[in-house]
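So the chains spell out like this:
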Amino acid sequence: MSAPPVAVVTGATGDVGRATAHAFAVEGYRVVVGYRRDATAAADLASSLPGTGHDPVHVDVTDAASLAALRRYVEAQVGAVHVLVNNAGVTRYVPHDDLDGLDDALFDRIFATNVRGAFATTRALLPALRRDGPGLVVHVSSIAARTGQGSNVAYCASKAALDSMTRSLARALAPDVRVVSVAPGLIDGPYADALDPAFVDAHRRATPLGRLATSADVASAILAVARDLTFTTGDVLPVDGGRPLV
Ligand SMILES: NC(=O)c1ccc[n+]([C@@H]2O[C@H](COP(=O)([O-])OP(=O)(O)OC[C@H]3O[C@@H](n4cnc5c(N)ncnc54)[C@H](OP(=O)(O)O)[C@@H]3O)[C@@H](O)[C@H]2O)c1
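Cut-offs applied
Residues numbered from 1 in each chain as written. Predicted model: local features only at pLDDT ≥ 70, side-chain atom pairs only at ≥ 80, totals over all residues. Near = placed C-beta within 6 Å. Helix = DSSP H or I, 4+ residues; strand = E, 2+ residues; numbered from the N terminus. Nonpolar A, V, L, I, M, F, W, Y, C, P; charged D, E, K, R; others polar. Core = buried A, V, L, I, M, F, W, Y, C linked by C-beta atoms within 7 Å. Buried ≥ 20, exposed ≤ 12 C-beta atoms within 10 Å, placed from the backbone. Contact = placed C-beta atoms within 7 Å. Expected span 1.5 Å × (residues − 1). Bend = angle between axes of the 7 residues up to and from the residue. Axes fitted to C-alpha atoms, helices over the stretch in contact; angles between N-to-C directions. Parallel < 35°, antiparallel > 145°, perpendicular 65-115°, else oblique. Left-handed = near helix turned anticlockwise from the far one by under 90°.

Chemist: Please give an account of the site of the ligand that cites residues and values.
Modeler: Near the ligand there are 30 residues, and of these G11, G14, R37, A88 and G89 occur at the shortest range. Every element with two or more residues in the shell around the ligand is listed here: α1 (15-26), α4 (104-131) and α7 (190-193). Considered class by class, the residues forming the shell around the ligand number 13 nonpolar, twelve polar and five charged.

Chemist: Before we move on, could you go through the nonpolar core and cite the residues and values that matter?
Modeler: Judged by nonpolar contacts, the single largest core of 70 residues is most densely connected at V33, V138, V182, V218 and I222. Per element, the largest residue contribution to this core is eight residues, and it comes from helix α6 (residues 153-173). Once you skip the residues sitting within four places of it in the chain, V182 turns out to touch V138, V140, S141, V218, A221, I222, V225, L237 and V239.

Chemist: Quick one: what's the story with α4, residue by residue and with numbers?
Modeler: Taking 1.5 Å per residue as the helical rise, α4 with its 28 residues ought to reach 40 Å, and the 39 Å between its terminal C-alpha atoms agrees with that figure. At L125, α4 shows its largest kink, close to 60 degrees, and the proline P127 lies no more than four residues downstream. Listing the buried residues of α4 in full gives I110, T113, N114, V115, G117, A118, T121, T122, A124, L125, A128 and L129. On the buried face of α4, the contacting elements are β1 (6-9), α3 (64-78), β4 (83-86), β5 (135-140), α6 and β6 (177-184).

Chemist: Any chance you could break down the packing of α3 against α4 for me, citing the residues and the numbers?
Modeler: The geometry of α3 relative to α4 is characterised by a closest axis approach of 9 Å and an angle of 20 degrees between their N-to-C directions. One element, α3, and the other, α4, form an angle in the roughly parallel class. In the crossing of α3 with α4, the sense of the turn from one axis to the other is right-handed. Residues L67, A68, L70, R71, V74 and V78 of α3 form the contact with α4, whose participating residues are A120, T121, A124, L125 and A128. Counted by class, the contact of α3 with α4 contains nine nonpolar, one polar and one charged residues.

Chemist: An account of α6 is requested, with residue identities and associated values reported.
Modeler: Quick reminder: α-helices carry 3.6 residues per turn. Residues three or four places apart thus point the same way. If you check α6, its first and last C-alpha atoms are 30 Å apart, about what 21 residues at 1.5 Å a residue would give, namely 30 Å. Among the residues of α6, V153, A154, Y155, C156, S158, K159, L162, M165, T166, L169 and L173 are the ones counted as buried. At its buried positions, α6 is contacted by α4, β5, α5 (144-147), β6 and β7 (236-239).

In structure tokens:
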């Protein structure tokens, strides 16, 4: 029996990360459950996934030592990586006209995680992604990259940078590795729960398909890129119910 394909998911204990880990496990992948802070949640998630061989692994995408350890773990324990989902992301709500509210520390943390972190994780795993190629890197982006509307100015800019990096890396790494962005609209989950309900409701009403995205919608799209959209690279797949149309 051949070994199952391998998916590495960063930020796997978050809302989208959990759904993505689950979708790949159901599809028969061995999942590397990347976590930053909550080792217990990662271990619980790994043991709850269907199939075997799922490992919780500490991955802080802003920390070179952590990514070097991930690379060593993959080389020693895993071998080829078929899919890397660069899902880890941070933000905090700051109104776009409150320029003092978006201080340098927050701006830098958003870019270090959402942009440099995705690049550095891909760099760390590139030999493994090429090993049994073509490998796939999925960047979990956002509708904010296109609309310029979202939790703060830096967050929107970081997701636009991520989509630009999708195009650059797709060109640079072809044909060994495909690179695709998946760009959700506002997700019905913990982040939306913390927002003003009137804002969330307005967003829902302004979405042609009449509801917010779910983490399962996003996971399905990521899985579709891996399983079905096999001649796609360097592009952005929206999961937004048509929100930019209105
Ligand atoms: N929620 C939405 O409405 C929405 C919409 C569009 C796009 N997205 C994108 O979807 C992705 C997942 O978001 P989510 O809604 O699932 O948020 P979430 O529940 O907050 O999950 C984010 C995950 O990223 C991890 N993370 C943060 N900094 C990290 C670092 N330096 N290294 C490794 N992991 C780190 C977090 O781990 P810790 O908890 O340990 O910090 C957490 O597991 C993000 O890229 C986000 O920008 C979300």
